Amino acid sequence: MASDLGLAVLILGVSVWTIAARDTFAAVVGFIAYGLLLALVWVRLAAPDVALTEAALGSGLTGGLLLSASTRLRRGEITAFGDKPPATSRLAAAVICIPVAAGVAEVVLLLPEPPPTLAASAAANMPSTGLGNPVTAVLMAYRAIDTLLEVVVVLIALLGVWSLASDRVWGGLPGLRYRPDPDSPLTFIAQLLVPVGILLGIHIFWIGSVAPGGEFQGATIIAAMWILTMLAGLADAPAVSRRGLRLLLVAGPAAFIAIGLLGFAMTGAFLGYPPDYAKLLILAIEVPLTLSIAGMLGLLVAGPPRRRMER
Amino acid sequence: MTLALDALTILAVSSGAVFFLAGTVGLLRFPDALSRLHALTKADNLGLGLIVFGLLFQMKGPSAALKLVSVWLLALLAGATVAQLIAHAARPGEPRQ
Amino acid sequence: MTAALYGLCSAALVGLGLYGFIVHPEPLRKILAFNLIGGGAFLLLGVVARRGAAMGFGGDPVPQALIITGLVVAFASTAVAVALLLCLPRESGRASLPSDAPAESAPDEGRH
């Protein structure tokens, strides 16, 4: 109880810092710390899968994205950011936000007792899916259509990011070219950490069927290793118009949809799994899905194309 | 037996926490970036090592203990490398990146 | 009790994030505040999940899966927002949304 109180106070303190800091870079660092503390809160709320996702994606990749953005904006020496609103506007904003927060607090305090739960139905149907992790069962079996739509949304977001390239570099390479420096500690850690990280990502993906983990967490780690390799200059970003890259990105959702249509033939419902083959079908979806998501996440962090493709 | 193990855990984790506290005091009180980095990396690596050492007594098998130790080694690797990179960028007299 | 405490924390996060979203003029700070609101909303879902613990699970798995989906989509939307933000200096010559003062210059012509 005391540790929960301390954790809540810490999170609120870091959030206030994120909002109130003068320097944008400092605010982004506060945000990364906030994400990591939130991962601890997920552990306290008995949600280890969510904790893994929050630490890797919510704090890690989002933090990296925002850090690089704040450095690029600062380097562009944009100093005139528009005026901070006067004190009366800030007071009016606070007057709006306090009732909103109070409303959410009231919802929390008036949640129905006894708490409604779907855990019983989830547990009852898990043997037919062949999975041991209830969250993975929800993601890949009970609400598989939500996961399919989510992956398609990420792919469309990637298309949106790619479409922001200027005409000159359309279809080119995202990000700047990082020069490999053999003496740099970044090269050292990229060469040492990346194989370990890829193994770790595959492990977390694989074990997600019976223990906390899953394809999103594993894919995030693999994407982070790819980003590290690109940052160290050991590999260049692929051109976004390359067919092989596009096939890799589409392979996951395509396998998902194909197995969904196969469900029509086998059980008469989209994404229906016959009980004997459920685990096999879920695995057949998850393997290309992990690779596709890793590619999507890495490319989302890399950004829109900024260099022309070599002919 | 478990009482002795718990006592060892509490001792080791507390001393790890003391090292973390020392590192944070160094972060807040040292004058420039390089000395702060020094305080952070030395204290935090040793603090994490002591905490991991203390938690080893609570583990139920060798694989869990190995996972904890590998966490410590990975954190050591990441911390040392990032400290070197930040120190390179923050050297006095170098143009700011 | 733990869950209620974190629920109140989530309410505070939503309020803080909304305040930061309204008050800051720079787009990157607005994106940060937006993520704070998202974190508060996910925390509320997590509290609901924790309260639904039953059948030997620590929490109701359905809201937890919803949170994971939400986290991934929030990251994707943040990435698009940041990419749009980084296009802003290229298109308009400054990295801020124009204030509400009457326009001093002619509106930007489209690039195509």
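See above for the structure.
### Focus on the interface of chain B and chain A
When the parts come together, some accessible area is lost, and that loss is often what is quoted as the size of the interface.
Next, step 1: Contacts between the two partners involve seven residues from chain B, matched on the other side by nine residues from chain A.
Next, step 2: Counting the contacts that link chain B with chain A gives zero salt bridges.

### Considerations on the pattern of salt bridges
For side chains of opposite charge, pairing can occur when their charged atoms come near one another.
Next, step 1: By the definition in use, this model includes five salt bridges over all chains.
Next, step 2: Between Glu113 of chain A and Arg51 of chain C there is a salt bridge; the shortest N-O distance is 3.6 Å. Of the two residues, Glu113 of chain A is situated in the loop between α4 (87–109) and α5 (119–129) and Arg51 of chain C in helix α2 (residues 27–51); the pairing between them involves two chains.
Next, step 3: On the basis of relative accessible area, Glu113 of chain A is assigned to the exposed category, the value being 62%.
Next, step 4: Across the salt bridge formed by Asp236 of chain A and Arg307 of chain A, the nearest N and O atoms sit 3.0 Å from each other. Taken together, the residues Asp236 of chain A in the loop between α9 (215–231) and α10 (243–267) and Arg307 of chain A in strand β2 (residues 305–307) connect sequence positions 71 residues apart.
Next, step 5: The class for Asp236 of chain A is partly exposed, based on a relative accessible area of 33%.

### Section: the arrangement of the chains
Next, step 1: Taken together, the two pairs of chains in contact show their highest number of contacts between chains A and C.
Next, step 2: A gap remains between chain B and chain C, with no contact made and the closest C-alpha atoms lying 18 Å from each other.

### Observations regarding the interface of chain C and chain A
Next, step 1: With 76 residues of chain C at the contact, the number on the chain A side is 88 residues.
Next, step 2: Counting the surface lost from both chain C and chain A, the interface buries some 7100 Å², and carbon and sulfur atoms represent 81% of this.
Next, step 3: Looking only at chain C, the three residues that lose the most surface to chain A are Tyr6, Arg51 and Phe75 of chain C, adding up to 11% of its buried area.
Next, step 4: Inspection of the region where chain C meets chain A yields one salt bridge.
Next, step 5: If you list the elements that add at least two residues to the side of chain C that touches chain A, you get α1 (2–23), α2 and α3 (61–92) of chain C.
Next, step 6: Looking at the side of chain C that touches chain A, the element that brings in the most residues is α3 of chain C, giving 23 residues.
Next, step 7: Split by residue class, the side of chain C that touches chain A holds 50 nonpolar, 19 polar and seven charged.

### Side note on the environment of Thr136 of chain A
Residues and elements named next belong to chain A.
Next, step 1: Note on placement: Thr136 falls in helix α6 (residues 134–142).
Next, step 2: Exposure remark for Thr136: the relative accessible area of 3% places this residue in the buried category.
Next, step 3: For the pair Thr136 and Ala211, spaced 75 residues apart in sequence, the C-alpha separation works out to 9.0 Å.
Next, step 4: Beyond its immediate stretch of four places on either side in the chain, Thr136 contacts Leu131, Ala141, Gly208, Gly213 and Glu286.

### Considerations on the packing of α10 of chain A against helix α11 (residues 278–302) of chain A
For any two helices packed against each other, one specifies the inter-axial angle together with the distance between the axes.
Residue and element names in this part refer to chain A.
Next, step 1: Where α10 meets α11, the axes come as close as 8 Å, and the angle between the chain directions of the two elements is 150 degrees. Put simply, α10 runs roughly antiparallel to α11. The crossing of α10 and α11 is left-handed. Of α11, the residues touching α10 (which contributes Leu245, Leu248, Leu249, Val250, Ala251, Gly252, Pro253, Ala255, Phe256, Ile259 and Met266) are Leu281, Ala284, Ile285, Pro288, Leu289, Leu291, Ser292, Gly295, Met296 and Leu299.
Next, step 2: Residue composition of the contact of α10 with α11, grouped by class: 18 nonpolar, three polar and no charged.

### Quick word on a nonpolar patch on the surface
Residues and elements named next belong to chain A.
Next, step 1: A contiguous nonpolar surface patch, about 520 Å² in accessible area, is contributed by Ile145, Leu149, Ile257, Leu261, Phe264 and Phe270.
Next, step 2: Secondary structure elements with two or more residues in the nonpolar patch: α7 (144–162) and α10.
Next, step 3: The greatest single-element share of the nonpolar patch, amounting to three residues, is contributed by α10.
Next, step 4: With respect to the helices and strands, the residue Ile257 is situated in helix α10.
Next, step 5: Residue Ile257 is classed as partly exposed on the basis of its relative accessible area, which comes to 37%.

### Here's the deal with the environment of Pro274 of chain A
All names here are of chain A.
Next, step 1: Checked against the element boundaries, Pro274 lands in the loop between α10 and α11.
Next, step 2: Pro274 sits eleven residues away from Gly263 along the chain, and the two C-alpha atoms are 8.1 Å apart.
Next, step 3: Here Pro274 is in contact with Met266, Thr267 and Leu281, once residues within four sequence places are set aside.

### Some thoughts on the state of the cysteines
Next, step 1: Tallied over the full model, the rule gives zero disulfides over all chains.
Next, step 2: Sulfur of Cys97 of chain A: no disulfide; nearest cysteine sulfur belongs to Cys9 of chain C and is 16 Å away.
Next, step 3: Judged by relative accessible area, Cys97 of chain A falls into the buried class, the value being 4%.

### Thoughts on the nonpolar core
The nonpolar side chains of a soluble globular protein tend to be buried, and buried together.
Next, step 1: Residues Trp42 and Tyr273 of chain A are the most contacted members of the largest nonpolar core, which totals 97 residues.
Next, step 2: Element by element, the count of residues in this core is highest for α3 of chain C, at 14 residues.
Next, step 3: If you count residues domain by domain, this core takes at least three from each of domain 1 (1–116) and domain 2 (120–311) of chain A.
Next, step 4: Excluding residues that lie within four positions of it along the chain, Trp42 of chain A makes contacts with Ala47, Val50, Ala51 and Glu54 of chain A together with Phe42, Leu43, Gly46 and Ile67 of chain C.
Next, step 5: If you look at the next biggest cluster of nonpolar residues, it comprises eight residues, including Val194, Met225, Leu228 and Ala232 of chain A.

### A few points about α7 of chain A
Next, step 1: End to end, α7 of chain A covers 27 Å across 19 residues, agreeing with the expected 27 Å (1.5 Å per residue, within 8%).
Next, step 2: Turning to α7 of chain A, its buried residues are Ala144, Thr147, Leu148, Glu150, Val151, Val154, Leu155, Ala157, Leu158, Val161 and Trp162 of chain A.

### Looking at the packing of α9 of chain A against α11 of chain A
Residues and elements named next belong to chain A.
Next, step 1: Their axes nearest at 8 Å, the elements α9 and α11 cross at an angle of 45 degrees. One element, α9, and the other, α11, form an angle in the oblique class. The chirality of how α9 crosses α11 is right-handed. Residues Glu215, Phe216, Ala219, Thr220, Ile222, Ala223, Trp226, Ile227 and Met230 of α9 form the contact with α11, whose participating residues are Glu286, Leu289, Thr290, Ile293, Ala294, Gly295, Leu297, Gly298, Leu299, Val301 and Ala302.
Next, step 2: For the contact of α9 with α11, the class distribution of residues is 14 nonpolar, four polar and two charged.

The rules behind these values
- Residues numbered from 1 in each chain as written.
- Chains lettered and ligands numbered in written order.
- Predicted model: local features only at pLDDT ≥ 70, side-chain atom pairs only at ≥ 80, totals over all residues.
- Heavy atoms only, no water.
- Contact = heavy atoms within 4.5 Å.
- Salt bridge = Lys/Arg side-chain N within 4 Å of Asp/Glu carboxyl O.
- Helix = DSSP H or I, 4+ residues; strand = E, 2+ residues; numbered from the N terminus.
- Buried < 20%, exposed > 50% of the residue type's maximum accessible area, 1.4 Å probe, protein only.
- Buried area = accessible area lost by both parts, 1.4 Å probe.
- Nonpolar A, V, L, I, M, F, W, Y, C, P; charged D, E, K, R; others polar.
- Axes fitted to C-alpha atoms, helices over the stretch in contact; angles between N-to-C directions.
- Parallel < 35°, antiparallel > 145°, perpendicular 65-115°, else oblique.
- Left-handed = near helix turned anticlockwise from the far one by under 90°.
- Patch = residues over 30% accessible without salt bridge, like charges linked within 9 Å, V, L, I, M, F, W, Y side chains within 5 Å.
- Areas by Shrake-Rupley, 256 points an atom, 1.4 Å probe, with all protein chains shown as cover.
- Disulfide = S-S within 2.5 Å.
- Core = buried A, V, L, I, M, F, W, Y, C linked by side-chain atoms within 4.5 Å.
- Domains from an automatic or database assignment.
- Expected span 1.5 Å × (residues − 1).

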